Amino acid sequence: MTFSIHGLPVARGIAIGRAVLVASSRLDVAHYFIEPSQVVAELNRVRDGRDAVIAEIHRLQENIAHMGPKETPHELAALLEVHLMLLQDEELEGGVRHWIKDRLYNAEWALTSQLEVIARQFDEMQDEYLRERKADLEQITERILRAMRGVSSPLVQPLGRPGRKAAQPELLLDDTVDAPLILVAHDLSPADMLQFKQSVFAGFITDVGGKTSHTAIVARSLDIPAVVGARLASQLLRQDDWVIVDGDAGVVVVDPSPIILAEYGFRQRQEELARGRLARLLHTPAVTLDGQAVELLANIEMPDDAAPAVQAGAMGVGLFRSEFLFMGRHGKLPNEDEQYLAYRRAVEGMRGLPVTIRTVDIGADKPLDESSRDFAHLNPALGLRAIRWSLTEPAMFLTQLRAILRAAAHGPVQMLIPMLVHASEIRQTVSLIDHARVQLDNRGVAYGPIKIGAMIEIPAAALTLPVFLKYFDFLSIGTNDLIQYTLAIDRADESVAHLYDPLHPAVLRLIASTLAQGLAQGKPVSVCGEMAGDVSLTKLLLGLGLRSFSMHPAQILAVKQEVLRSDVGKLEVWAQQILADDEPGRRLAVGT
Ligand code: PEP
Ligand code: MG
């Protein structure tokens, strides 16, 4: 039966495919397709892993048999019996066989997919004892996965099956192997999401998350339709359900009827055509009707994003979120050389275009590791995040500063500091940068000239701009946080997402005054928050004086189209009217 789930639109477009439910704890398992010729080998890998665990349990049972009843609690023997029973369960084995043989999933993915199917059945059981067996099932799956780690796996095929096209609606219902896949999870961390950059998934759905949470930001950078904050989606959907992800409206349609499929299939094709038309603007300079040149830059997460950003039309990188190099490393942070090589790769990837590297912004919804997620503090977004963390870890920070300075020897690099608010933090940061230069001088290591900028993303920073203009060469407005901190709305919390409003007069006035003061002092100011890539705001930002927009590369051409249609002379008057309005959102809806 068709039904729909409403969430928040995050990454545009429409995806139609089969649901793949993944528990958050299983996301580190590799997901890739195998060749039909590898089916037997993959089946054997699971069987060998399972047999190894069975043998391990038998050994444990023998040891127990030699111990006295005092040393071995009765429960342990019973537990091992349960594990043995689950390991030999027909449903587990049959299901895994199905995912490998019929869907060509790799062994680990097949195993965790079937775990989700059976776990769901356990969840629905009335009997508490049986319900609790879910934990045992998870344990044995974990053990099989561990046993399989020793067994080599065929090479990962990161992009899925070659030649795969978006499914046509009329093929959907009987097309099993080639159907696109939609990842469904309760939650995905930004690092998890990044891991899916090269993955087989055509769309994403999560139960939690706000529109500008970092998970959503990474989803947008993947340019794959995504809906977050879909509340119960991971419970309402079943493994393998057909779903439509409408990333434009934030809607998930489950088990769509043929008529709905046809409608969405049509829209999907329309969107592809529209993208094709936009592609013609690739080499057109971004200049308004009245001759104002506008800089369109890319936000990137990894060094290898640089070259595709140039292909997407970026004139430079306005925000390289360097923290993604630090995440998911189990506490082992990248050393100076590793960082230097990464930044250098980004610089070289941009082929002479400028790269703005932001120093690490760890904390709040971007923990170093999932296990280090900050549950101890009530408001981590107000806690030890970004520059605050860097200043408490001077050795780590100096390492990063040296690496960035060294990368600047290979091309134009700017350094951007996140979340500054106090003059004392500014002074400390500046003196650490000087110190990093002295350290490199002492070692005789080459480094390049660098411009230093500050992110304006806390209202207090926007309200004390002169001190920022005194110390920094340029500013970049982080609207995602500026909105969060101005309106006291957790950007990652879907329950208050309706109050997260880029057009709140307070937000617009902070942006406008930052732009005006920067302009008056001849210091460049850009916007690198999500507002910069939102085409419905392009004209307003132009009217407020913005000439430098940094966004996901996938948005660049759409924003360029708006720039080409704009007459800044006319927009300035209109933008001032919007600024004076109590409800700019309503006024904007009426148009220029
Ligand atoms: C912002 O806050 O607008 C920004 C660009 O930084 P981040 O989204 O990484 O916090
Ligand atoms: Mg920010």
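Just so you know, these numbers come straight off a predicted model, no measurement behind them. (Residues numbered from 1 in each chain as written. Chains lettered and ligands numbered in written order. Predicted model: local features only at pLDDT ≥ 70, side-chain atom pairs only at ≥ 80, totals over all residues. Heavy atoms only, no water.)

### What about the confidence of the model for the protein chain?
Inference 1: Model confidence for the protein chain is summarised by a mean pLDDT of 88, while 91% of its residues fall at 70 or above.
Inference 2: A low-confidence stretch, residues 151–175 stays under pLDDT 50, and its non-local contacts, those more than four residues away or across chains, total 50 contacts. (pLDDT = per-residue confidence, 0-100. Contact = heavy atoms within 4.5 Å.)

### Looking at the nonpolar core
A general trend in soluble globular proteins is that nonpolar side chains are found buried together.
Inference 1: If you look at the biggest cluster of nonpolar residues, it comprises 155 residues, and the most contacted ones within it are F201, F204, F320, Y343, F468, L540 and F549.
Inference 2: With 8 residues, helix α14 (residues 394–407) is the largest single contributor of residues to this core.
Inference 3: When residues no more than four places from it in sequence are discounted, the contact partners of F320 are I300, E301, M302, P303, L325, Y343, A346, V355, T356, I357 and R358.
Inference 4: Ranked by size, the runner-up nonpolar core spans 15 residues in total, among them I205, V227, A230 and V254. (Core = buried A, V, L, I, M, F, W, Y, C linked by side-chain atoms within 4.5 Å. Buried < 20%, exposed > 50% of the residue type's maximum accessible area, 1.4 Å probe, protein only. Helix = DSSP H or I, 4+ residues; strand = E, 2+ residues; numbered from the N terminus.)

### Points about the packing of helix α4 (residues 107–123) against helix α5 (residues 128–149)
Inference 1: At a minimum axis separation of 9 Å, α4 and α5 run at an interaxial angle of 175 degrees. Judged on the interaxial angle alone, α5 and α4 are roughly antiparallel. Where α4 approaches α5, its residues A107, E108, L111, T112, L115, I118, A119, F122 and D123 are matched on the opposing element by L130, R131, R133, K134, L137, E138, T141, I144, L145 and M148.
Inference 2: When grouped by side-chain class, the residues that make up the contact of α4 with α5 number 11 nonpolar, 2 polar and 6 charged. (Axes fitted to C-alpha atoms, helices over the stretch in contact; angles between N-to-C directions. Parallel < 35°, antiparallel > 145°, perpendicular 65-115°, else oblique. Nonpolar A, V, L, I, M, F, W, Y, C, P; charged D, E, K, R; others polar.)

### Some remarks on the domain arrangement of the protein chain
Inference 1: With domains assigned, the protein chain is organised as domain 1 (3–24 + 157–257), domain 2 (36–151) and domain 3 (289–585).
Inference 2: With 22 residues of domain 1 at the interface, the matching set in domain 3 holds 23 residues.
Inference 3: Together domain 1 and domain 3 conceal approximately 1,900 Å² of surface at their shared face, both sides included; 60% is due to carbon and sulfur atoms.
Inference 4: Its largest share of buried area at the contact with domain 3, domain 1 owes to T212, H214 and I217, together 30% of the area lost on that side.
Inference 5: At the boundary of domain 1 and domain 3, one finds 1 salt bridge.
Inference 6: A salt bridge links R220 to E530; its shortest N-O distance comes to 2.0 Å. (Domains from an automatic or database assignment. Buried area = accessible area lost by both parts, 1.4 Å probe. Salt bridge = Lys/Arg side-chain N within 4 Å of Asp/Glu carboxyl O.)

### Section: the pairing of strand β7 (residues 242–246)
Inference 1: Counting buried positions over the 5 residues of β7 gives 5, a clear majority of the element.
Inference 2: Covered by surrounding structure in β7 are W242, I244 and D246 together with V243 and V245, the residues of both alternating faces.
Inference 3: Taken together, the 5 bridges between strand β3 (residues 14–21) and β7 define a ladder with antiparallel strand orientation. The residue of β7 that forms the bridge with I14 is D246. (Pairing = 2+ DSSP bridges.)

### Comments concerning the site of ligand 1
Inference 1: Residues in close proximity to ligand 1 total 17 residues, the closest being R321, R358, G478, N480 and R491.
Inference 2: Across the complex, the protein chains shield 100% of the 290 Å² of accessible surface that ligand 1 would expose by itself.
Inference 3: Elements represented by at least two residues in the shell around ligand 1 include exactly α8 (214–222), β10 (317–321) and α18 (479–487).
Inference 4: Considering each element in turn, the shell around ligand 1 owes the most residues, 3 residues, to α18.
Inference 5: A class-by-class count of the residues in the shell around ligand 1 yields 4 nonpolar, 5 polar and 8 charged. (Near = heavy atom within 4 Å. Areas by Shrake-Rupley, 256 points an atom, 1.4 Å probe, with all protein chains shown as cover.)

### Describing the packing of α14 against helix α15 (residues 423–443)
Inference 1: Closest axis-to-axis distance for the α14/α15 pair is 9 Å, and the angle between their directions is 65 degrees. Comparing the axis directions of α14 and α15 gives the class roughly perpendicular. Here α14 runs over α15; the crossing is right-handed. Two secondary-structure elements touch here, α14 through F397, L398, L401, R402, L405 and R406 and α15 through T429, L432, I433, H435, A436, R437, Q439, L440 and R443.
Inference 2: Considering only residue class, the contact of α14 with α15 consists of 8 nonpolar, 3 polar and 4 charged. (Left-handed = near helix turned anticlockwise from the far one by under 90°.)

### Here we look at the pattern of salt bridges
Inference 1: With the rule as written, the count across this model stands at 36 salt bridges.
Inference 2: With a closest N to O distance of 2.7 Å, R406 and E336 form a salt bridge. With R406 in helix α14 and E336 in helix α12 (residues 336–349), this pair connects stretches of sequence that are 70 residues apart.
Inference 3: On the accessibility criterion, R406 (10% relative accessible area) is buried.

### Concerning the coordination of the magnesium ion (ligand 2)
Inference 1: Only E457 (OE) and D481 (OD) from the protein coordinate the magnesium ion (ligand 2), and they sit 2.0 to 2.1 Å from it. In this pair, E457 is assigned in the loop between β13 (450–456) and α16 (459–463) and D481 in helix α18, connecting sequence segments 24 residues apart.
Inference 2: When its relative accessible area of 2% is taken as the criterion, D481 is described as buried. (Donors = N, O, S within 2.8 Å, 3.2 Å for Na, K, Ca; no water.)

### A look at the environment of P459
Inference 1: Mapping P459 onto the fold places it in helix α16.
Inference 2: For the pair P459 and A376, spaced 83 residues apart in sequence, the C-alpha to C-alpha distance is 26 Å.
Inference 3: Ignoring sequence-local partners within four residues, the contact set of P459 consists of L482, Y485, T486 and L510.

### A few points about the environment of D534
Inference 1: Position of D534 among the secondary structure elements: in the loop between β15 (525–527) and α20 (538–543).
Inference 2: Residue class for D534 comes out partly exposed when judged on its relative accessible area of 30%.
Inference 3: Once the C-alpha coordinates of D534 and A558 are considered, the two residues, 24 residues apart in sequence, prove to be 8.9 Å apart.
Inference 4: A distance of 2.7 Å separates polar atoms of two side chains, one belonging to D534 and the other to S536. (Polar contact = N/O pair within 3.5 Å; in protein donor to acceptor, adjacent residues only side chain to side chain.)

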